[in-house]
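Residue strings, one per chain:
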Amino acid sequence: MDIVILGSGRGSNANAILKAWKDGQLGKAQVKAVISDVLDAPILNIAKSYQVQARPIEINANTAKISEGDTNKLIELTNEFKPKLIVLAGFMKILSHSFIQEYESRIINIHPSLLPSFKGLNAIKRAFECGVKISGCTVHWVSKGVDEGKIIAQLPVRVMDSDTLDSFTQKIHAAEHFLLPEVISQLSFAEN
Ligand code: GAR
């Protein structure tokens, strides 16, 4: 199961996937490339540190949703690696319908809340400020609605009275770093 990771930033989830892969925990999955719409994103350096192709792509930074023109470029680049699975790991652009159609049922996303609660941006901060006592993270299939596809797995995280936004954020990330490789490993076994 060949994988392409798409991300825009820090790359801690990509790092968790790449580490699990190098540690032999992803079954027959192979990470072929990391693509980023942010040309100097740390996620690209993380890919390089695992000797995985790091491929920046210029996408109009001024719109949340990727245009049809940029989508064609993104499909062309992604197709170079013929992925069975595309993993959105902190990819902060909204994919166009034609990209989702091109890879129907082959794109998963990690989101830092228990969907359907706290869809969209700044989910960790919004959940914390809302005073929820349980939040967590979700891995789901990507569909046309943002953060709306079928849920594959979730991991809950409790909010303790002693938590600050920082400590809560760290707990959510730790849960993500466990859950995402775990889901990929299960999908890879289901593939065989
Ligand atoms: C992660 O917390 C991920 O769940 C979130 O961005 C962060 C990326 O961190 N994604 C979304 O909010 C998507 N809606 P990372 O670059 O360190 O993996």
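In what follows, the accompanying structure is described. (Residues numbered from 1 in each chain as written. Predicted model: local features only at pLDDT ≥ 70, side-chain atom pairs only at ≥ 80, totals over all residues. Heavy atoms only, no water.)

1. Re the layout of surface pockets
Here comes step 1: Approximately 870 Å³ is the volume found for the largest pocket.
Here comes step 2: For the largest pocket, the lining is made up of 40 residues, of which Gly90, Phe91, Met92, Ile110 and His111 are closest to its centre.
Here comes step 3: Where the lining of the largest pocket is concerned, the elements lending two or more residues are helix H1 (12-22), helix H4 (97-102), strand S5 (107-111), helix H5 (123-130), strand S6 (134-141) and helix H6 (165-191).
Here comes step 4: Broken down by element, the residue count for the lining of the largest pocket peaks at 3 residues, all from S5. (1 Å grid on protein atoms, 1.4 Å probe; cavity = no way out; pocket = protein on both sides within 12 Å on 5 of 7 lines; lining within 4 Å. Points joined across faces, edges and corners; volume = space filled by probe spheres on them. Helix = DSSP H or I, 4+ residues; strand = E, 2+ residues; numbered from the N terminus.)

2. Considerations on the pattern of salt bridges
Here comes step 1: Taken as a whole and assessed by the stated rule, the structure comprises 7 salt bridges.
Here comes step 2: Measuring nitrogen to oxygen at the nearest pair gives 2.8 Å for the salt bridge that ties Lys19 to Asp23.
Here comes step 3: Between Lys73 and Asp70 there is a salt bridge, and its shortest N-O distance comes to 3.6 Å. Here Lys73 and its partner Asp70 are both found in helix H3 (residues 68-79), 3 residues apart, which amounts to about one turn of the helix.
Here comes step 4: Judged by its relative accessible area of 38%, Lys73 falls in the partly exposed class.
Here comes step 5: On the basis of relative accessibility, which here comes to 12%, the residue Asp70 falls in the buried class. (Salt bridge = Lys/Arg side-chain N within 4 Å of Asp/Glu carboxyl O. Buried < 20%, exposed > 50% of the residue type's maximum accessible area, 1.4 Å probe, protein only.)

3. Quick look at unusual backbone geometry
Here comes step 1: Following Leu115, the chain continues into Pro116 via a peptide bond in cis, with omega recorded as 10 degrees.
Here comes step 2: Among the structural elements, Pro116 can be located in the loop between S5 and H5.
Here comes step 3: Even without being glycine, Lys82 reaches a positive phi, approximately 40 degrees.
Here comes step 4: One can find Lys82 in the loop between H3 and strand S4 (85-88).
Here comes step 5: One non-glycine residue, Asp147, lies in positive phi territory at about 55 degrees.
Here comes step 6: Mapped onto the elements of the fold, Asp147 is located in the loop between S6 and strand S7 (151-158).
Here comes step 7: Judged by its relative accessible area of 13%, Asp147 falls in the buried class.

4. Topic: the packing of aromatic side chains
Here comes step 1: Inspection of the entire model under this criterion finds 2 aromatic pairs.
Here comes step 2: On the numbers, 4.9 Å between centres and 50 degrees between planes, the contact of Phe99 with Tyr103 is tilted. By the burial criterion, Phe99 is buried, and Tyr103 matches it.
Here comes step 3: Between the NZ or CZ atom of Lys22 and the centre of the ring of Trp21, over which it lies, the distance is 4.3 Å. (Phe/Tyr/Trp six-rings, centres within 6.5 Å; stacked < 30°, edge-to-face > 60°. Lys NZ or Arg CZ within 6 Å of the ring centre and 35° of its normal.)

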